[in-house]
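Reading the structure
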Amino acid sequence: MLWSDPKNQPPKFLRDMQATLRRTGVLLALAMVVVMFVASAR
């Protein structure tokens, strides 16, 4: 890759969407862990 090549970055709205999806995925994973913990505690 040459130093003069343009940066390969998606547009801002795509980067924002990726960040939102990443956060949603982390929250969903944490929620699943909590649900499994509660289900096993019963």
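If you're wondering where the values come from, they're calculated on a predicted model, not measured in any experiment.

Brief notes about the overall build of the chain
- The secondary structure content of the chain amounts to one helix and zero strands.
- The dimensions of the chain, computed from C-alpha atoms along their principal axes, are 60 × 20 × 5 Å.
- Within the chain, the proportion of its 42 residues that are buried is 0%.
- Counting every atom, the chain has about 4300 Å² of accessible surface; 70% of that belongs to carbon and sulfur.

Considerations on the UniProt feature "transmembrane region" (unreviewed entry) in the chain
- The positions UniProt marks with the feature "transmembrane region" (unreviewed entry) are residues 21-41.
- When the span residues 21-41 is considered, its composition is 100% helix and 0% strand, and the gap between its end C-alpha atoms is 30 Å.

Criteria and cut-off values
- Residues numbered from 1 in each chain as written.
- Predicted model: local features only at pLDDT ≥ 70, side-chain atom pairs only at ≥ 80, totals over all residues.
- Heavy atoms only, no water.
- Helix = DSSP H or I, 4+ residues; strand = E, 2+ residues; numbered from the N terminus.
- Buried < 20%, exposed > 50% of the residue type's maximum accessible area, 1.4 Å probe, protein only.
- Areas by Shrake-Rupley, 256 points an atom, 1.4 Å probe, with all protein chains shown as cover.
- UniProt positions renumbered as here; feature names shortened; annotations may be inferred.

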